[in-house]
Amino acid sequence: MKELIFAGGWMMIPLILCSILAVAICIERFWTLRKANIAPKHLLAQVWVWIKNNQLDGSRLKELRKDSHLGSILAAGLINSKHGREIMKESIEQAAAQSIHEMERFLTALGTIAAVTPLMGLLGTVLGMIKVFTEIMAQGSGNAGVLAGGISEALVTTAAGLMVAIPALICFRVFQRRIDEIVVFMEQEAVKLVDVLHGDREVTDTPEAK
């Protein structure tokens, strides 16, 4: 492994740093973007139990807001429910926008790594080929060791760039898909809450809280 890193030249340093950053982001996002942590399945049912039993007070709302992203969205709607349907929906949308922004944290950096590292590998390839042609001009084509070293440097950086970019791009797409699914679920739950509180929906499809 050391031989490959040294063969790639100085361009391997930023590639290694990008790989470390990508791994750190992926681990952090895999841990953070858990649906059970962001949007618990039975949270809306629990909220309805509180409402039905007249247990929804300030402490419950504070607990709900701290529970999860979905909890903060539902709490924002509940706090403004008495001001009418439109105000309630606006407050939910604002809370949802904040939650989506937090869920997408570091994804821009991960996408940038996926896009830039192949170009960094290509730059290493170009530099390696420049080195090869410079040695050919200086010593002729008879020194096979020098030529092989330059070509090796070019190939190693290209491979390293792709090895970083491909997993980073896959994880980026996976995280985007997971966020989209969570957002759709939270939107459905918020719409149910609005409809129930303003009399547009009966609470017959809401399961009992567990």
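Placed above this text is the structure.
Conventions and cut-offs
- Residues numbered from 1 in each chain as written.
- Predicted model: local features only at pLDDT ≥ 70, side-chain atom pairs only at ≥ 80, totals over all residues.
- Heavy atoms only, no water.
- Helix = DSSP H or I, 4+ residues; strand = E, 2+ residues; numbered from the N terminus.
- Buried < 20%, exposed > 50% of the residue type's maximum accessible area, 1.4 Å probe, protein only.
- Contact = heavy atoms within 4.5 Å.
- Areas by Shrake-Rupley, 256 points an atom, 1.4 Å probe, with all protein chains shown as cover.
- Phe/Tyr/Trp six-rings, centres within 6.5 Å; stacked < 30°, edge-to-face > 60°.
- Lys NZ or Arg CZ within 6 Å of the ring centre and 35° of its normal.
- Expected span 1.5 Å × (residues − 1).
- Arc of directions from axis to C-beta.
- Core = buried A, V, L, I, M, F, W, Y, C linked by side-chain atoms within 4.5 Å.
- Patch = residues over 30% accessible without salt bridge, like charges linked within 9 Å, V, L, I, M, F, W, Y side chains within 5 Å.
- Salt bridge = Lys/Arg side-chain N within 4 Å of Asp/Glu carboxyl O.
- Lys, Arg positive; Asp, Glu negative; His and termini not counted.
- Charge placed at Lys NZ, Arg CZ, Asp CG, Glu CD.

Chemist: Could you give an account of the overall build of the protein, with specific residues and numbers?
Modeler: In terms of helices and strands, the protein carries nine helices and zero strands. Counting from the amino terminus, the protein carries its helices and strands in the arrangement α-α-α-α-α-α-α-α-α. The buried share of the protein, reckoned over its 210 residues, is 36%. For the protein, long-range pairs separated by at least 24 residues make up 77% of all intrachain contacts whose partners lie at least 6 apart in sequence. Total accessible area on the protein stands at roughly 12,300 Å², and carbon and sulfur atoms take up 63% of it.

Chemist: Tell me about the packing of aromatic side chains, residues and numbers included.
Modeler: Describing an aromatic ring pair means giving the distance of the ring centres and the angle of the ring planes. Enumeration according to the criterion identifies one aromatic pair in this entry. When the ring of F30 is compared with that of F175, the centres are 4.8 Å apart and the planes differ by 70°; the resulting orientation is edge-to-face. Remark: F175 occurs in helix α9 (residues 144-197) and F30 occurs in helix α2 (residues 12-32); sequence separation between them is 145 residues. For F30, a relative accessible area of 38% corresponds to the partly exposed category. Look at F175 and you get buried, because its relative accessible area is 0%. Looking at K35, its charged tip hangs above the ring of F185, at a distance of 4.5 Å from the centre.

Chemist: Explain α2 to me, using residue names and the numbers behind them.
Modeler: Between its terminal C-alpha atoms α2 stretches 30 Å, which fits the 30 Å expected from 21 residues at 1.5 Å a residue. Within the sequence span of α2, burial applies to M12, L15, C18, A22, I25, C26 and R29. The arc that holds the buried residues of α2, viewed along the axis, is 145°, so those residues lie on one side. Opposite the buried face of α2, at more than 90 degrees from it, the exposed residues are I13, L17, I20, I27 and W31.

Chemist: Now, about the nonpolar core: what can you tell me, with residues and values included?
Modeler: In terms of nonpolar packing, the biggest core is built from 45 residues, with L64, L70, L74, M103, L110, F175 and M186 touching the most fellow members. When neighbours within four sequence positions are excluded, L70 is seen to be in contact with I38, A39, P40, L43, F185, M186 and E189.

Chemist: Tell me about helix α7 (residues 85-103), and name the residues and values.
Modeler: With 19 residues, α7 extends 27 Å between its outermost C-alpha atoms, agreeing within 8% with the 27 Å of an ideal straight helix rising 1.5 Å per residue. Those residues of α7 that sit buried are M88, S91, I92, A95, S99 and M103. In a view along the axis of α7, the buried residues occupy a sector of 115°, so they form one face of it. In α7, the exposed positions angled more than 90 degrees off the buried face are occupied by E93, Q94 and H101.

Chemist: Provide a residue-level description of the environment of K192, including the pertinent values.
Modeler: By the element assignment, K192 lies in helix α9. The class of K192 is partly exposed, set by a relative accessible area of 24%.

Chemist: Which residues make up a negative patch on the surface, and what values go with them?
Modeler: A cluster of acidic residues, E86, E90, E93 and E187, forms a negative patch at the surface. The element that contributes the greatest number of residues to the negative patch is α7, accounting for three residues. You can see E93 is positioned in helix α7.

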